[in-house]
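Listed below, chain by chain, are the residues.
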Protein chains: 2
Amino acid sequence: MAGKGFDFSRLHAFDSTLRDGAQGEGISFSVQDKLGIARALDELGVDFIEAGNPGSNAKDLEFFRVAKHLRLNTAKLVAFGSTRRKETRAADDANVRSLLLADTDFVAIFGKSWDFHVTEILKASLEENLAMIRDTVEFLVSEGKTVIYDAEHFFDGYAENPEYAMASLRAAADGGASSLVLCDTNGGAPLEAFGSLSSLVLSEFGVPVGIHCHNDTGLAVAGSLLAVDAGATQVQGTLLGFGERTGNANLSSIIANLELKRGLRCIPEGRIASLTRLCRTVAEISNIPLDDGMPFVGSHAFAHKAGMHIDAVTKNSRSCEHIPPESVGNERTFLMSEVAGRTMVLERLRRFDPAVGKDSPIAAKVVSVMKERELEGFQYEGADASFELLVRKNIGKYRPFFGLGYFKIIAEQARDPDSPRAFAQIKISVEGEEHISAAEGDGPVHALDGALRDALVRFYPAVARIRLTDYKVRVLDSGSGTAAKVRVLIESTDGEEIWSTVGVSTDLIESSWMALVDSFEYRLLRDAESRVIG
Amino acid sequence: MAGKGFDFSRLHAFDSTLRDGAQGEGISFSVQDKLGIARALDELGVDFIEAGNPGSNAKDLEFFRVAKHLRLNTAKLVAFGSTRRKETRAADDANVRSLLLADTDFVAIFGKSWDFHVTEILKASLEENLAMIRDTVEFLVSEGKTVIYDAEHFFDGYAENPEYAMASLRAAADGGASSLVLCDTNGGAPLEAFGSLSSLVLSEFGVPVGIHCHNDTGLAVAGSLLAVDAGATQVQGTLLGFGERTGNANLSSIIANLELKRGLRCIPEGRIASLTRLCRTVAEISNIPLDDGMPFVGSHAFAHKAGMHIDAVTKNSRSCEHIPPESVGNERTFLMSEVAGRTMVLERLRRFDPAVGKDSPIAAKVVSVMKERELEGFQYEGADASFELLVRKNIGKYRPFFGLGYFKIIAEQARDPDSPRAFAQIKISVEGEEHISAAEGDGPVHALDGALRDALVRFYPAVARIRLTDYKVRVLDSGSGTAAKVRVLIESTDGEEIWSTVGVSTDLIESSWMALVDSFEYRLLRDAESRVIG
């Protein structure tokens, strides 16, 4: 039986982005999203990924089915569910049985530790609740599962009826739970309770203890660290703090604190340097903009404003930075200064002319064009290929591959669900030769994309190999309603390289057109250059 | 001399939104903004408002001039500046003198406690730095000011050279400082230091101690509370956590924790109930959207999404809320979602039929339709009006307000930047009467929106009052490139009510159409009903 070997008394990270995080406002993961996030968490090196409740959600069950084919390295998937209902047998309880369908080695079961919840919400007797906990854990253990027991409302329960709260843990321990997780479900426990109760429970039962905090009082990270100081070894949270209300404990902050501030290991050696990148990946997949001010991983976490701080940090970074930004894979930025822009532009210019100096007028010109475009809403951080084209256009290292005669798009309501909704016609010219082509599509951009491809491929067969792998739309000034500015980011591949392009306009078709044209031109430029070199 | 009487050994709040908060990215206060924020902070009842550095900023000096006419009740304004430069006399130092121009009773002076900063950044001798601190405080006290001393980098300094860090505080105390504020300027001090050093400093000097934390490790609120537990009485922060990098300690979280969790008083009795409103006022003036998930005051701080939680909170709010939302002037909300389940649907159904029971087949049907739609990518938690229409359609409480004959959209590349890019034509029928209208727009959706409005308004004049206030687009399966599914969320208002609608399709035009139609229908339905009732 795999999983049996896991040592719960070693400090480890347990991520619940896919389960508790999915409760967060604005979050709605597709099965594909969940697979992508699981891969990122595995790359970071968390030990457990709580991935959903197969009993309450068909999509979660589908995820577990597909996820079996993920080749995860460090992470183990965990199915989550509740104790059996009252007056049933665990073996007959539909929700408990559905946990078996997830086919994971590890299962997390939550049960009630607060007497008030048992009698007022569950409407069960206190004895029955203890039996529900013990039976459920016992049944799952008998089915070969390793059971992590989540003591819901443990801190509130202990405050009102400590004997009963402890009895509920006793029931889980007796049932064979491998870990007792103390949950501050309502997020309002006093700071001093996290450490004291963690050490109390550990000494009372000798079973490894976990901690699960919510951020209702802004203390979730602190509470988690205090629990670890007191002996808790499973630290639960969601990578970016996603979760109901004010969110769960931010696991990226906790991991960085444990590893870099306390010198403790909770993910494999060396992985902490990928923290920022993986946090941004998870934010991107979740389509939740990562808070610029998020500790450790936000884009402003190491941003300095002009003046004294920049002066000091330039003299000695330790003077104004609590850790080196690169230790979490983040970087130092200078706000309100051209220093950051210039460094990036210089680095790019040197690909074309290694001798370009820091004070070159060309660098200054490109920086100023870039700043202008960024004011318009362009963002080159995620659009490397468009940035390269921008640089080339400003240093005379660019030639267009085709001219646009016109494009026209007709869109209408679909007659039936399967008929096309949009039709595009396009005329382009390449070295004097003109060509008109047309395509239909699911929507106007899809049709335009098809028509442009069809026109280009007869001149540049390499276009046939270009595939769009990602298409993102962000409304920049959503308050302007349907006249708002939209930014389109496109990721493309030819099977070897991956590149990203950007377009901005008040017209989605126009933004998409810009990003599409950049994508094709970037690839064709590569071809043209390798031909010259070859 | 006013201000002399202030008792620094009583617990009190010190807000630096207007000074340290102004360092935050994206923040730029006008003098009017600062006056508005000062009024809000005074209404909340903080004791000190640090309002700027008159020596480094002409706008700050202007603020102090104008602010004299503010009739603040509890709050005292504080001017902020640094110790004198090396090799000058405090009385001759331009920055120190400018503090006098602010004409406040209270002045905050920051000086260096970290030997490394003195020798490496300031390039002064350790002795000279101590003299700079003592002289400056002494001079300002001799000018009748009450001086709050900010020990910059105190925690880092103490960790490396405790004797020197303490000597710097001794210099401030000897100079006559009324309060010694321990600053974790780089935001990376270990959690355990906040309490231990606060009590050490308090016992060493007998001068009241303050705490000033930054949130670089996500521990600023916790650190502040631990310092208060250990005897610090001045708790510094910025109301919404504004500040450089990851921000300053969030003072709204600190105040709510102190008042409601620890039973301590740091603002006048009764004021805590205005916390949410005043936080939103400050966010509004600052033009920074208040984080939905901000502890205590965010719009989702008491939002419930999981079905079970909603069920429990309905039975007894204490079961799932750590404090009553109204204690901080916030309110409970229920978010719609696939997990929210039956309770939410029931609550909605009961608006139409109060007798609907928990096991009603209609509730089951609506839940199942909702789950289906959510699998397709619809998300009702941010689209209340679409949800209401969905419910109505499934219980026969819906009638369409118009029929669509067709719409056709033509889009093309703009001939010049100002010419329209899209043209829409639409035919609708209302009770047998047909009407065709057309419009042009920045993009296809903008044109379609215009044409539909124009067609509807002749039948339903109320449509003229509907404005779109928010338009959001999310690509759901961005990996499908331009054929990806897109979800559109629209927020509309008629100047009184605000409502939200959703549409999902592989065609952005179609998704937008769905959300638009829902928006108009929802509003017309309201009209029709009030007419029936009236």
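Residues numbered from 1 in each chain as written. Chains lettered and ligands numbered in written order. Predicted model: local features only at pLDDT ≥ 70, side-chain atom pairs only at ≥ 80, totals over all residues. Heavy atoms only, no water.

Peer 1: I keep staring at a nonpolar patch on the surface and nothing clicks. Help me out?
Peer 2: There is a patch of nonpolar side chains on the surface, built from Ile 410 of chain A together with Ile 410 and Phe 423 of chain B and spanning about 220 Å² of accessible area. Under the relative-accessibility criterion, Ile 410 of chain A is labelled partly exposed at 37%. (Patch = residues over 30% accessible without salt bridge, like charges linked within 9 Å, V, L, I, M, F, W, Y side chains within 5 Å. Areas by Shrake-Rupley, 256 points an atom, 1.4 Å probe, with all protein chains shown as cover. Salt bridge = Lys/Arg side-chain N within 4 Å of Asp/Glu carboxyl O. Buried < 20%, exposed > 50% of the residue type's maximum accessible area, 1.4 Å probe, protein only.)

Peer 1: Help me out: how do you make sense of the sheet that holds strand S7 (residues 209-212) of chain B in this one?
Peer 2: Whenever strands of a sheet pair, they do so through backbone hydrogen bonds, lying parallel or antiparallel. Residues and elements named next belong to chain B. Strand order in this closed barrel of eight strands is S1-S2-S3-S4-S5-S6-S7-S8, and the pairing throughout is parallel. In this sheet, adjacent strand axes meet at a mean angle of 25 degrees when their direction is disregarded. In terms of strand pairing, strand S1 (residues 12-15) meets strand S2 (residues 48-52) through two bridges, oriented parallel. In the strand pairing of S2, Phe 14 is matched with Phe 48. Packed on one face of the sheet, helix H1 (residues 31-44) meets S1 and S2 and runs near 170 degrees to S2. (Pairing = 2+ DSSP bridges. Helix = DSSP H or I, 4+ residues; strand = E, 2+ residues; numbered from the N terminus. Axes fitted to C-alpha atoms, helices over the stretch in contact; angles between N-to-C directions. Contact = heavy atoms within 4.5 Å.)

Peer 1: Is there a simple way to think about helix H5 (residues 126-142) of chain B in this case?
Peer 2: For the α-helix, the turn length of 3.6 residues means that residues three or four positions removed from each other point alike. Residues and elements named next belong to chain B. The terminal C-alpha atoms of H5, which comprises 17 residues, lie 25 Å apart, in line with the 24 Å expected from a rise of 1.5 Å per residue. Elements that come into contact with the buried residues of H5 comprise strand S3 (76-82), helix H3 (94-101), strand S4 (106-112), helix H4 (115-121), strand S5 (146-152) and helix H7 (162-175). Just beyond H5, the residue with positive phi is Gly 144, at close to 90 degrees. (Expected span 1.5 Å × (residues − 1).)

Peer 1: Sorry, what's going on with the confidence of the model for chain A here?
Peer 2: The predicted coordinates ought not to be read in detail in places where the model reports low pLDDT. Residue and element names in this part refer to chain A. The predicted model of chain A averages 89 in pLDDT, with 94% of residues at 70 or higher. Ignoring residues within four places in sequence, the model shows residues 336-340, a span with pLDDT below 50, making seven contacts including any to other chains. Across the assembled chains, the prediction reports ipTM 0.74 with pTM 0.74. (pLDDT = per-residue confidence, 0-100.)

Peer 1: How do you make sense of the interface of chain B and chain A when you look at a structure like this?
Peer 2: Taken together, the contact between chain B and chain A spans 97 residues of the former and 98 residues of the latter. Taken together, both faces of the contact between chain B and chain A bury some 8,200 Å²; the carbon and sulfur share is 53%. Of all residues in chain B, the largest losses of buried area upon contact with chain A belong to Arg 245, Arg 474 and Thr 482 of chain B, amounting jointly to 9% of the total for that side. At the boundary of chain B and chain A, one finds seven salt bridges. Among the ionic pairs, Lys 408 of chain A bridges to Glu 412 of chain B, the shortest N-O distance being 2.5 Å. It is strand S14 (residues 467-475) of chain B that provides the largest number of residues to the side of chain B that touches chain A, a total of eight residues. (Buried area = accessible area lost by both parts, 1.4 Å probe.)

Peer 1: Honestly, the packing of helix H9 (residues 220-229) of chain B against helix H10 (residues 251-261) of chain B in this entry has me stumped. Any pointers?
Peer 2: Angle between the axes and distance between the axes are the two parameters that describe a pair of packed helices. All names here are of chain B. As a packed pair, H9 and H10 sit with axes 10 Å apart at the nearest point and diverge in direction by 40 degrees. Taken together, the axis directions place H9 and H10 in an arrangement best described as oblique. Of the two elements, H9 crosses H10, and the hand of that crossing is right-handed. Between H9 and H10, the residues in contact are Val 221, Ser 224, Leu 225 and Val 228 and Ser 253, Ile 254, Asn 257 and Leu 258, respectively. (Parallel < 35°, antiparallel > 145°, perpendicular 65-115°, else oblique. Left-handed = near helix turned anticlockwise from the far one by under 90°.)

Peer 1: Looking at this structure, how should I read the side chain of His 12 of chain A?
Peer 2: Residues and elements named next belong to chain A. Summarising the element assignment, His 12 is placed in strand S1 (residues 12-15). Separated by 2.6 Å, the side chain of His 12 and the backbone oxygen of Arg 10 make a polar contact. Discounting residues that sit within four places of it in the chain, His 12 has contacts with Phe 6, Asp 47, Phe 48, Thr 233, Gln 234, Val 235 and Cys 266. (Polar contact = N/O pair within 3.5 Å; in protein donor to acceptor, adjacent residues only side chain to side chain.)

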